[in-house]
Amino acid sequence: VNDVIGVERDIVNAIEGQLDDDRVKADAALVGVLNGIVANGKSRIDQLKELSDDEGGSLGATVKEAAMSVTGVLAGIYGKLREHPVSRMVRDDRIAMNVVETSYAMLYTFALGVGHQRCAEIALGGLNEAAPHVLALTDVLPGVILREVAKDAPLSDPFVETKVLDAIHSAWKA
């Protein structure tokens, strides 16, 4: 549990920093997605902290190694965000939210395996909240990329975003 808190905290802090970036602020759809990730993340952190406090901080030691290695990778990614285009930020956010989703899947498995219903409910809630954020970031990424490209060259096809999203959704059967 404490390790999932760490992952969530790192991601929330990084995304809050992105929301201060003028390039991000210029994209209303992206700001909406990022604000949702931050709000849900903070709520999940509060729930997990309460659970951890109630359990004396011992619950979830099984997922510690995986979560800690992920947290280290994320810290490296987010330490250099302002040097990168917004499209790379969104890509990295999507990867990070996949890590969150996977962390909750691991925690849900652990909680069900040891019969901890309260932890399982929180983990399932986190899983159900994180997955749609991955999809939302997937849906905004092509537009972000195309707006960056359009600053340097005219777009040859005005329907590229739709084509890309159709291909992604088809690949994921989403």
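The structure displayed is predicted, hence computed values, not measured ones.

**Observations concerning the overall build of the protein**
Summing up its helical and strand segments, the protein has seven helices and zero strands in all. The linear arrangement of helices and strands in the protein, starting from the amino end, is α-α-α-α-α-α-α. At a minimum sequence separation of 6, the contacts of the protein that also span at least 24 residues come to 75%. Accessible surface, the protein: about 9100 Å² in total, of which carbon and sulfur atoms supply 57%.

**Quick look at helix 7 (residues 160-172)**
In this model helix 7 runs 18 Å from its N-terminal to its C-terminal C-alpha over 13 residues, within 8% of the 18 Å that 1.5 Å per residue would give. Where helix 7 ends, the next residue or the one after it, Lys-173, has phi of about 55 degrees, a positive value.

**A closer look at the packing of helix 1 (residues 2-18) against helix 5 (residues 86-114)**
Taken N-terminus to C-terminus, the directions of helix 1 and helix 5 make an angle of 160 degrees; their axes are 10 Å apart at the nearest point. The angle between helix 1 and helix 5 falls in the class roughly antiparallel. Like other packed secondary-structure pairs, helix 1 and helix 5 cross with a definite hand, here left-handed. Residues Val-4, Val-7, Glu-8, Ile-11, Ile-15 and Gln-18 of helix 1 pack against Met-89, Asp-93, Ala-96, Met-97, Val-99, Val-100, Ser-103, Tyr-104 and Leu-107 of helix 5. Looking at the contact of helix 1 with helix 5 residue by residue, the classes come out as 11 nonpolar, two polar and two charged.

**Some points on the nonpolar core**
One broad rule of soluble globular proteins: the nonpolar side chains tend to lie buried together. Leu-30 and Leu-107 are the most contacted members of the largest nonpolar core, which totals 40 residues. Contributing elements (two or more residues each) for this core: helix 1, helix 3 (28-54), helix 5 and helix 6 (117-150).

**Regarding helix 1**
With 17 residues, helix 1 extends 24 Å between its outermost C-alpha atoms, agreeing within 8% with the 24 Å of an ideal straight helix rising 1.5 Å per residue. For helix 1, the complete set of buried residues consists of Asp-3, Val-4, Ile-5, Gly-6, Val-7, Glu-8, Ile-11, Val-12, Ala-14, Ile-15 and Gln-18.

**Section: the side chain of His-133**
Secondary-structure assignment places His-133 in helix 6. Of note is the side chain of His-133, whose polar atom sits 2.7 Å from the side chain of Asn-40. Among residues more than four places away in sequence, those in contact with His-133 are Val-33, Gly-36, Ile-37, Asn-40 and Met-97.

**A closer look at the pattern of salt bridges**
Tallying each qualifying case throughout the model produces 10 salt bridges. One salt bridge connects Asp-21 with Arg-23, and the closest N-O pair in it is separated by 2.8 Å. Linked by salt bridges that have partners in common, Glu-8, Arg-44 and Glu-129 make up one network.

**Examining the layout of surface pockets**
Approximately 180 Å³ is the volume found for the largest pocket. Considering the residues around the largest pocket, the lining is formed by Arg-23, Ala-26, Asp-27, Pro-85, Val-86, Val-144, Arg-147, Glu-148 and Lys-151. Here the lining of the largest pocket takes three residues from helix 6, the largest share from any one element. Looking at the lining of the largest pocket, its residues break down into four nonpolar, no polar and five charged.

Scoring rules and cut-offs
- Residues numbered from 1 in each chain as written.
- Predicted model: local features only at pLDDT ≥ 70, side-chain atom pairs only at ≥ 80, totals over all residues.
- Heavy atoms only, no water.
- Helix = DSSP H or I, 4+ residues; strand = E, 2+ residues; numbered from the N terminus.
- Contact = heavy atoms within 4.5 Å.
- Areas by Shrake-Rupley, 256 points an atom, 1.4 Å probe, with all protein chains shown as cover.
- Expected span 1.5 Å × (residues − 1).
- Axes fitted to C-alpha atoms, helices over the stretch in contact; angles between N-to-C directions.
- Parallel < 35°, antiparallel > 145°, perpendicular 65-115°, else oblique.
- Left-handed = near helix turned anticlockwise from the far one by under 90°.
- Nonpolar A, V, L, I, M, F, W, Y, C, P; charged D, E, K, R; others polar.
- Core = buried A, V, L, I, M, F, W, Y, C linked by side-chain atoms within 4.5 Å.
- Buried < 20%, exposed > 50% of the residue type's maximum accessible area, 1.4 Å probe, protein only.
- Polar contact = N/O pair within 3.5 Å; in protein donor to acceptor, adjacent residues only side chain to side chain.
- Salt bridge = Lys/Arg side-chain N within 4 Å of Asp/Glu carboxyl O.
- 1 Å grid on protein atoms, 1.4 Å probe; cavity = no way out; pocket = protein on both sides within 12 Å on 5 of 7 lines; lining within 4 Å.
- Points joined across faces, edges and corners; volume = space filled by probe spheres on them.

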